[in-house]
Amino acid sequence: MGLHRVVEPAGVLPQAAWRLDADPRIASNEVRIRVERLNLDAASFRQLSDKHGGDGEKVRAEVLEIISTRGKMQNPVTGSGGMLIGTVEEAGKRSPLGLKQGDRVATLVSLTLTPLMILDGLSRWDGRSEQVPCDGYAILFARSIAAVLPADLHPELSLAVLDVCGAPALTARVVAEQVDRRRRGGDARPVRVAVIGGAGKSGSLSLAAARRAGAARTVGVVPVTGERDALVAAGLADEVALADARDPVGLSTAVTTALGAPADVTVVCVDVPGCEHGAILATEDGGTVIFFSMATSFAAAALGAEGLAADVTMLVGNGYAPGHADLALELLRAEPGVRRLFEARLAAD
């Protein structure tokens, strides 16, 4: 679990630690990765960019400061990090990860718990995109997860998909359970799904996963007309609604109008704070809200649901589920609309 890498405070797991030891010498159950690219968490990058008014040099300097000070990439405001791709330099003899020297991999665990050192000062990054070309190394533990990059996809595309692969996996599971429960109970009502932030990375994959899992009707909610047009063209949702997710009544009205009723499952995939109450209002009593954004205030969600007397189950989006990487990559390959949205995002970056 990497406890021996925790510098301070003692006794916590690496994700909760303030500082980690990024010594390149590995234990017998560790793996050292030569890093070529980071993918910063969307909420973290937005916070840094907003803080510095879009000044890429200042963003780059702060990311370097965080990594050098903490021995990992963990935004002190959002608490989130991201993930990386690189090549295995050395694998300890007792590592259970099945990786070997020369494997090109993407880590499927957060940078918030991954010992990391940057060697090139991020000199090739302009500080204006989530993907960060770099040279350095990172350490994986026995309980870490990594996937060998597929040969048929560009590494940057794979990185973008694998960064959010937990979202479609959990969405598919929750929707399938709802469909099955209604079928076994003789309930003929269709399962309706709303994805807030449907044109983004995790949002587009979640829409595709929900449809495949049996959702009868889906709506993707986006904040601007450009994203609405892109999502309509992608064909991933039955309806596309334009709404500000921070406006609870406006969001709820948009979802209910599009679906003809509140959603049975609402998936929150936005990277801005203040979207909790709208998602709760947009969800049918007895339904489920999945929060995948690292900008979520879980206190606001819990207290908001209580204050609204909303009988909804609220789930914290876990970045891990068995088979999550394979599912996300398969959706990218099988759904042209998903791939177009991802490639357009990478081109814009």
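Structure shown above.
Procedures and definitions
- Residues numbered from 1 in each chain as written.
- Predicted model: local features only at pLDDT ≥ 70, side-chain atom pairs only at ≥ 80, totals over all residues.
- Heavy atoms only, no water.
- Pairing = 2+ DSSP bridges.
- Helix = DSSP H or I, 4+ residues; strand = E, 2+ residues; numbered from the N terminus.
- Axes fitted to C-alpha atoms, helices over the stretch in contact; angles between N-to-C directions.
- 1 Å grid on protein atoms, 1.4 Å probe; cavity = no way out; pocket = protein on both sides within 12 Å on 5 of 7 lines; lining within 4 Å.
- Points joined across faces, edges and corners; volume = space filled by probe spheres on them.
- Nonpolar A, V, L, I, M, F, W, Y, C, P; charged D, E, K, R; others polar.
- Contact = heavy atoms within 4.5 Å.
- Right-handed = clockwise from strand over helix to strand, strands pointing away.
- Parallel < 35°, antiparallel > 145°, perpendicular 65-115°, else oblique.
- Left-handed = near helix turned anticlockwise from the far one by under 90°.
- Buried < 20%, exposed > 50% of the residue type's maximum accessible area, 1.4 Å probe, protein only.
- Polar contact = N/O pair within 3.5 Å; in protein donor to acceptor, adjacent residues only side chain to side chain.
- Phe/Tyr/Trp six-rings, centres within 6.5 Å; stacked < 30°, edge-to-face > 60°.

Undergrad: So what's going on with the sheet that holds strand β6 (residues 116–118)? Residues and values would help.
TA: What the six strands build is an open sheet, ordered β6-β7-β3-β4-β5-β8; its pairing is antiparallel. Each of the sheet's edge strands pairs with one partner strand only, and the pair in question is β6 and β8 (146–148). When strand polarity is set aside, the average angle formed by the axes of neighbouring strands in this sheet is 35°. Sheet topology places strand β5 (residues 104–107) next to β8; three bridges connect them, and they run antiparallel. Paired with V105 across the strands is V148, a residue of β8.

Undergrad: Before we move on, can you summarise empty space enclosed by the protein with the specific residues and values?
TA: Summed over all chains, the structure comprises two cavities of 30 Å³ or more. As a volume, the largest cavity reaches approximately 50 Å³. If one sorts the elements of the lining of the largest cavity by residue count, helix α11 (residues 336–348) sits on top with three residues. Here the lining of the largest cavity is composed, by residue class, of three nonpolar, two polar and four charged. Computed from the structure, the second largest cavity encloses a volume of approximately 30 Å³. Around the second largest cavity, the lining residues are V268, V270, V272, P273, G274, C275, E276, F291, S293, A295 and T296.

Undergrad: Which residues make up the sheet that holds strand β11 (residues 239–242), and what values do they have?
TA: Taken together, the six strands give an open sheet; going across it, the order is β11-β10-β9-β12-β13-β14, and neighbouring strands pair in parallel fashion. Of all strands in the sheet, those with a lone pairing partner are β11 and β14 (313–316), marking the two edges. The mean angle between the axes of side-by-side strands here comes to 20°, regardless of whether they run parallel or antiparallel. Here four bridges tie strand β9 (residues 192–196) to strand β12 (residues 263–268), and the two strands are oriented parallel to one another. Note on β12: the bridge partner recorded for I196 is V268. Across the sheet, helix α7 (residues 248–259) touches β9, β10 (217–222), β11 and β12, and the angle it forms with β10 is around 150°.

Undergrad: If you had to explain the pairing of β14 to someone new, which residues and values would you point to?
TA: Where strand β13 (residues 283–291) meets β14, four bridges bridge the pair, whose relative direction is parallel. Note that in β14 the partner of V289 across the bridge is M314. Handedness of the β13-helix α9 (residues 298–307)-β14 crossover: right-handed.

Undergrad: Report on the packing of helix α4 (residues 166–184) against helix α5 (residues 201–212), specifying residues and quantitative values.
TA: One way to put it is that α4 packs onto α5 with a least axis distance of 8 Å and a crossing angle of 30°. When the axis of α4 is compared with that of α5, the two are roughly parallel. Of the two elements, α4 crosses α5, and the hand of that crossing is right-handed. Taken together, the residues of α5 that come into contact with α4 (itself represented by A167, P168, T171, A172 and V175) are S202, L205, S206, A209 and A210. In terms of residue class, the contact of α4 with α5 is built from seven nonpolar, three polar and no charged.

Undergrad: Lay out the environment of S110 with the relevant residues and their values.
TA: Its place among the elements puts S110 in the loop between β5 and β6. The exposure class of S110 is partly exposed, given its relative accessible area of 25%. Beyond its immediate sequence surroundings of up to four residues, S110 is in contact with G81 and G82. Engagement of the side chain of S110 in a polar contact is seen with the side chain of T112, the distance being 2.8 Å.

Undergrad: Break down the packing of aromatic side chains for me, with residues and values.
TA: Under the criterion given, the structure shown has one aromatic pair. Taken together, a centroid distance of 6.5 Å and an interplanar angle of 85° make the contact between F291 and F298 edge-to-face. By relative accessible area, which is 2% here, F291 ends up buried.

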